[in-house]
Amino acid sequence: MNLKVKIKDFEFENPLMNAAGVNCYTIDELEEIRNSKAASFVTKTCTLNTRQGNLEPRYYENELGSINSMGLPNLGIDYYLNYLESLDGTYFLSVTEMNTENIHKILEKINESSFNGLVELNLSCPNIEGKPQIAYDFKTTDKLLADIFKYFKKDLGVKLPPYFDLAHFDIMANILNKYPIRFVNSINSIGNAIIIDENDTVVIKPKNGFGGLGGEYIKPTALANVNAFYRRLNKDIKIIGTGGVNTGRDVYEHILCGAYMVQIGTRLQKEKSKVFERILNELKEIMKEKNYNSLDEFRGKLKTL
Ligand SMILES: O=C(O)c1[nH]c(=O)[nH]c(=O)c1I
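Residues numbered from 1 in each chain as written. Predicted model: local features only at pLDDT ≥ 70, side-chain atom pairs only at ≥ 80, totals over all residues. Heavy atoms only, no water.

- In the annotation of an unreviewed UniProt entry, the protein is listed under the name dihydroorotate oxidase (fumarate) and assigned to Oceanivirga miroungae.
- As its UniProt record puts it under Cofactor (unreviewed entry), the protein is described as follows: "FMN".
- Of the comments in the UniProt record for the protein, the one headed Catalytic activity (unreviewed entry) reads "(S)-dihydroorotate + fumarate = orotate + succinate". (UniProt positions renumbered as here; feature names shortened; annotations may be inferred.)

Laid out in structure tokens, this is it:
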């Protein structure tokens, strides 16, 4: 049984990796994933300088998922870049910045480095006070990508927020199809939800309790975003599916919708890196039952009525 995935010239043993932000803040956490059954990892989204992030409590989980307003805490691009440059194998480096000028600065830094993996440009952080998510501003996103591809020579994809209107899928896909983007990762957390505890109180401190939703809560929206972009993007832009993955069946559904790699966030936070082996075994069971020997045989084969 062959679980291999190819994105551009990069080949992965299987489709599983972590979602940015979970278990990927320190080198120790990244090494834990690298030494697990996951086929790759993505770093915590990083910026030019280190960031403390928002006040705590800034993360909360329950049986249905999680809510977070971390506020982009990270150890800075140099920390992650130096570590990544020391590795063989193919990994993902997630980056963003507070404005387009600094996004170009951090990408130019990567451009000049010997990093040979894929950059995941995060256009969808919902938790920076006063900063709207870039990917909800279509004009800015279009201009940013046009400027990036004037100089950026390495392999880059984008991390998108969920969209909820078919017209927005059309607009965004038309923009993305213009550029040599290697992948689109859908979705980031569903921004600005609230969860209330039994003391009539929100469960996280930042932004009056408003934070990004993850876990089972968001799987239907994640699957729809994966499939909407799979239907619209030209075939050399691969889809990475993120959101609501708890079982092998959830991975199977993301791939059925068109996903290549599949990222695990909330469930990894709960179960730690042994989750990759469990979910991989569950996926293999499903493929055996359905007599599939490779992911290509069922990727995108979602049936409609
Ligand atoms: O608050 C965060 O650090 C965060 N949290 C998320 O749920 N998604 C993101 O892209 C980010 I950068």
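Some details on a nonpolar patch on the surface
- Together, Ile194, Ile196 and Phe210 make up an exposed nonpolar region whose accessible area comes to about 280 Å².
- In this structure, Ile196 sits in the loop between strand E10 (190–193) and strand E11 (211–214).
- Take Ile196: its relative accessible area is 57%, and that puts it in the exposed class. (Patch = residues over 30% accessible without salt bridge, like charges linked within 9 Å, V, L, I, M, F, W, Y side chains within 5 Å. Areas by Shrake-Rupley, 256 points an atom, 1.4 Å probe, with all protein chains shown as cover. Salt bridge = Lys/Arg side-chain N within 4 Å of Asp/Glu carboxyl O. Helix = DSSP H or I, 4+ residues; strand = E, 2+ residues; numbered from the N terminus. Buried < 20%, exposed > 50% of the residue type's maximum accessible area, 1.4 Å probe, protein only.)

Some details on the site of the ligand
- Surrounding the ligand, one finds 13 residues, the nearest of these being Lys44, Asn68, Asn122, Asn188 and Ser189.
- Take Asn122: an N or O atom from its side chain is 2.8 Å from an oxygen atom of the ligand.
- The side chain of Asn188 places a nitrogen or oxygen atom 2.8 Å from a nitrogen atom of the ligand.
- With the chains in place, 92% of the 330 Å² that the ligand exposes on its own is no longer accessible. (Near = heavy atom within 4 Å. Polar contact = N/O pair within 3.5 Å; in protein donor to acceptor, adjacent residues only side chain to side chain.)

Notes on the pattern of salt bridges
- Inspection of every chain in the model, using the stated rule, returns 19 salt bridges.
- Between Asp9 and Lys8 there is a salt bridge; the shortest N-O distance is 3.7 Å.
- For Asp9, a relative accessible area of 62% gives the class exposed.
- Measuring nitrogen to oxygen at the nearest pair gives 2.8 Å for the salt bridge that ties Lys178 to Asp142. Of this pair, Lys178 sits in the loop between helix H5 (166–176) and strand E9 (183–186) while Asp142 is found in helix H4 (residues 138–148), placing the two residues 36 residues apart along the sequence.

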